[in-house]
Amino acid sequence: MNRNIIISFILIAVGVLVFSSVSKDVSTYASFKDAENGERVKIVGQLSKDKPMEYDPQNKPNEFSFFMKDDKGVETKVVLSKPKPQDFEMSEQIVVTGVLSDGVFEANEILMKCPSKYKDEEIAIRNQEG
Amino acid sequence: MNEVKYIGEHLWVGQIGHFLIITAFVAAVISAISYFISVQSKVNTSEDGWSKIGRNAYFVHGFSVLTIIGLIFYAMYHHMYEYSYVFDHVSPDLPLKYILSAFWEGQEGSFMLWMFWHIILGFILIKKSGKLEAPLLFTFAVAEAILMTMLLGIHIPWGEETIKIGSNPTTLLRQMNEAPIFANADYLSLIKGRGMNPLLQNYWMTIHPPTLFLGFASTIVPFAYAFAGLWQNEHKDWLKPAFGWSLFSAGILGTGILMGSLWAYVALSFGGYWAWDPVENASLVPWITLVAGLHVHLIAKNTGYGTRSVYFYYLISFVLILYSTFLTRSGVLGDTSAHAFTEMGLEWQLIILVGFFFVAGMGFWAYRWKSIPSPAKEEPLYAREFWMFIGSLILLFSAILITGSTSLPVYNKILTFFDPGYVGKVIKDVIPHFNKYQLWIAVFVSILSSKAIFLRYHGVNWEQKKNKFALKMLILLGASIVLTYITTFWIKLYSWQYVVMCITGYFAVIANIDYVVSVLKWNVKLASSAIAHFGFGMMVIGILASGLNQKSISSNPFVFKGMFTDEDIEKYVQLIKGKPLFSQGYFITYESDTLIGQERRYSINFKKLNDSLRVLDEITLHPNAVYSNDFSKVAAYNPDTKHYIHKDIFTCVVGLPPALESVEKAHAIEDSLKFVARQVAINDTVVMGNFIIKPLSVNFKPTNLDYNKNIHDTGIGVLLEVTDIKNDTSYQVESAIGLDGALMYSYPAAIDELGVRIKLEESLLNAYFTPEEQLEYKEYVMKIGSNINIDGYKISLAEFDKNPTHKNYKKEEGDIAIGAKLNIEGNGVIDTSTSLYIIRNNQPMSIKNYSGTTGLHIRFSNIDPAKEEFTFKIARDKRESPELNLGIATDVPRTDYLILQATIFPGINLFWLGSILMMVGLFIASWLRFSKND
């Protein structure tokens, strides 16, 4: 029995250690204001459709910039180090991961929530000719 | 309100389907109750009355579900779009080979696939399990009854809201949606199905789901055995028959997961085989606990230790499968997963499904805890079972870590429920987070899976063997370190953690080889565990090679240094058609692209050069872009991979010029171009900014690539020479116009390098093609063989055709039609023209033929049979050579490039081979158990 107690003790110790270090990997969804301290954060928000989106695949295929409004309503320019994602304009919600520097949010990861392409379509009416 | 009488619906399919769904549900409930009474009555034979009722009810349930599946296939096969499920997943253009995939694309279909496997497994157990039938099948029947509720489709009004129980796959489209179209009785003739997502239209979608769902379904077997053991307080009897099933379940579930990761790697643009995505994790975790369960199962069978753990692992594995179903189908994962989800509104039903089996399983386990046998004496430190037990704890630890992190969205949901102001938590960098911890799991598992096999149960003869054992371990460790050192010449290991991982990976590889050679003496029948453990070690090395050392060969010359990390910049590159790019020792050239059906297929050439610029290796890869079903935009990019033995070269197009990506963008770009009108005569020049444009010649057989001569009556092309003053380069391009009846199509000349586009203005047509009313026809009488001369063209009457065809002629009953074939030669042109003379209802008529290249309009107007003379009316376009009207646009975005990701994955075959060997080991072991039992 002694050994089992030792094993469980070790496991609990390792568990506590791991879980306390896991907390460093975790963050809340931040806002642009929270990002001002220069930490790497994840921000949820919406695309500002009235502001310009810039993507020049010819010269800078890995740089796409747009404006995004976070959940607190703060709007900031985001520069993504990736090609412009497909159906970007249709996104309902955007999650970007990156760092704020000099008022520009430099993101290298993006996730979009899009209205499902195949579910929300109108019932397709066949062409008159077809 | 008027009832609309709809036309063309096949209501019987839905009526039978609905009836069978209720039958299947009720039968499963009856089966569960009957088996329950049978077990409680402790008759314990398979021939008692309640068992018989239970079995028959299970058969009724099974055949009902099979028939429902058949009906839905029938409706899909016949494209019955009145059914919502058919409408959502089938379209007229869906190839028949994807009809299976279309069936399980939706949630309802995949639930039925899952039930299908439960039913098959249940049938086998009814036949094979003897007196355990009643308790085992009770679990099956309960699971089936709960799964069946997912298909019930009952809506219960509850105050203001409606509680939805299940989603019936035989619901009519017009019952699901309210739309004005359903006011039309003939609405069916107006609609066509949405069809399958083009991303899923490949053979992976045909083989991956059935395998994975067989894996899911098979985990109920160990659960049912464990539950039966607890229920009957018989903790030994079930261990033997269950073992083969557990091995099979782990093998097939693992195979399903591997197929998914292979799919992601070779056919989807994920750019890797594992991304710690919640969906991947959710099915990996039950596999890990099942494998942990297998190991304690072996201990329990051989030594009597650890029976309590066996129960725990088997019970929790099935519950975790249900939990994965909840995670992936309830929509709770939201934005943490790259996979697409459709919500069915069945969250609560899924929670009940998970909760029920969790509480029933774990509750019973706790209740029986005291009566489960557990030897009082501790196992010795040098006994095999002790280290296997530690190994299973490490696997459990791995499972807890993965589940813990993957479930973050679930905690967020729960906490938000109690505190609406709660801000959810999320993992910042998913892949490093998981890798960091699972690395150590891999290290410990590698060590244990090689060390423990040399130990013996109960530590028999330890005193005599311990020195030999220690020596062997030392030699193996030394050899592993040497092998790791050698490996560093091939791949980089970056940090000490990876060095340790690599050493332990080799340790597992060679220790298991040694075990087969020195202990088993090549007795392959006993080697299943060694094969699986060897595979694990190999997989570990494969992960280090392919994951840690993957290298982008697409690097970007247009870099903003310091802005992003190097890794990000180097991932994607722009390739211009025909312009080789040198990167990482490769010349990469985008050679061409062709449109095949819905796919635009690219040819990307890679040439590997050595220092003296000799070509060492040359390959061409064909990644593609798939357009959506209506061709309006790119729906997906599919990669292409060259597999070598020691590495893979993976390529995927990640972006195209906007004009090629979607019709909408193409129109927007077209509209934004500013064409400047210029008049210029042939061989004269016009200057636009840095460009000199000079029309060289006019021809009537355009060679412009986009011009399709099969659809046009005639066309005109102007060959242009464009010179760029700045770079002193000139290009020859053709701008064309095509005519199809009254429709005009413009095919501008485009020079992507200069951003120039030149189109021909419509007025050009009038200069070259004279309208019918302005033509001046003259009559010519000809005989066979005779010829005439018009404007330098020699025209001779060659022959007649009794069955002539002509674009503008549709044959009718009673027509007499004669075609006259004329040969035209002159001014460097050879052409033939067939004009028609037709007698319809005693009325003669003629059908003109127009020769675009010569501008000749020829009518066959009369026949004189007596003299064998034939009259033609011929006119010719007034082809002056006036000034050409050109529209010239500059600064046009180029359309001849793509953005490419190209990655080398070294040693990826070690990963595949290793993981496949793990499954092979499991299957061999399972097969041996089953063949022994019979």
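Treat the numbers as computed from the prediction; the structure is a model and nothing was measured.

All names here are of chain B. Read across the sheet, four strands follow the order β14-β31-β21-β20 without closing on themselves; strand pairing throughout is antiparallel. The strands lining the two open edges of the sheet, one partner per strand, are β14 (676–680) and β20 (749–751). The sheet shows a mean angle of 25° between the axes of neighbouring strands, taken without regard to direction. Where β20 lies against strand β21 (residues 756–760), three bridges are found, and the strand directions are antiparallel. In the sheet register, Ile-751 faces β21, and the bridge partner there is Val-756.

Another point: the packing of aromatic side chains. Residues and elements named next belong to chain B. One pass over the structure, following the stated rule, counts 62 aromatic pairs over all chains. Ring centres 5.1 Å apart and planes at 70° place the aromatic pair Phe-116 and Trp-117 in the edge-to-face group. Residue placement shows Arg-308 over the ring face of Trp-369; its charged tip is 4.3 Å from the ring centre. A cation over an aromatic ring shows up here: Lys-642 above the ring of Tyr-644, its NZ or CZ 5.5 Å from the ring centre.

This part takes up the domain arrangement of chain B. Many analyses report the size of an interface as the accessible area lost when the parts associate. We note that the domain assignment places domain 1 (202–427) and domain 2 (772–876) within chain B. Between the C-alpha centres of domain 1 of chain B and domain 2 of chain B there is a distance of 81 Å.

Our focus in this paragraph is the sheet that holds strand β23 (residues 787–790) of chain B. Residues and elements named next belong to chain B. Taken together, the five strands give an open sheet; going across it, the order is β23-β24-β25-β26-β27, and neighbouring strands pair in antiparallel fashion. Edge strands, defined here as strands with exactly one partner in the open sheet, are β23 and β27 (843–847). Averaged over all adjacent pairs, the angle separating strand axes in this sheet is 25°, with direction ignored. Pairing of strand β25 (residues 816–826) with strand β26 (residues 829–840) involves 11 bridges; the strand directions are antiparallel. From the neighbouring strand, Lys-821 faces β26, where its bridge partner is Thr-834.

With 59 residues of chain B at the interface, the matching set in chain A holds 54 residues. Contact between chain B and chain A buries roughly 5200 Å² in total, counting both sides, with carbon and sulfur atoms accounting for 57%. Viewed at the interface, chain A and chain B are joined by two salt bridges. Two residues, Lys-436 of chain B and Asp-25 of chain A, come together in a salt bridge whose shortest N-O distance is 3.0 Å. Going through the elements one at a time, α3 (84–89), α14 (384–406), β3 (425–427), α16 (430–451), α20 (566–569), β5 (572–576), β11 (634–638) and β32 (897–906) of chain B are the ones with two or more residues in the side of chain B that touches chain A. Per element, the largest residue contribution to the side of chain B that touches chain A is six residues, and it comes from α14 of chain B. Of the residues that constitute the side of chain B that touches chain A, the class distribution is 35 nonpolar, 10 polar and 14 charged. Sheet topology places strand β1 (residues 26–28) of chain A next to β3 of chain B; three bridges connect them, and they run antiparallel. Bridging across to β3 of chain B, Thr-28 of chain A finds its partner in Lys-425 of chain B.

Rules used in this analysis
- Residues numbered from 1 in each chain as written.
- Chains lettered and ligands numbered in written order.
- Predicted model: local features only at pLDDT ≥ 70, side-chain atom pairs only at ≥ 80, totals over all residues.
- Heavy atoms only, no water.
- Pairing = 2+ DSSP bridges.
- Helix = DSSP H or I, 4+ residues; strand = E, 2+ residues; numbered from the N terminus.
- Axes fitted to C-alpha atoms, helices over the stretch in contact; angles between N-to-C directions.
- Phe/Tyr/Trp six-rings, centres within 6.5 Å; stacked < 30°, edge-to-face > 60°.
- Lys NZ or Arg CZ within 6 Å of the ring centre and 35° of its normal.
- Domains from an automatic or database assignment.
- Contact = heavy atoms within 4.5 Å.
- Buried area = accessible area lost by both parts, 1.4 Å probe.
- Salt bridge = Lys/Arg side-chain N within 4 Å of Asp/Glu carboxyl O.
- Nonpolar A, V, L, I, M, F, W, Y, C, P; charged D, E, K, R; others polar.

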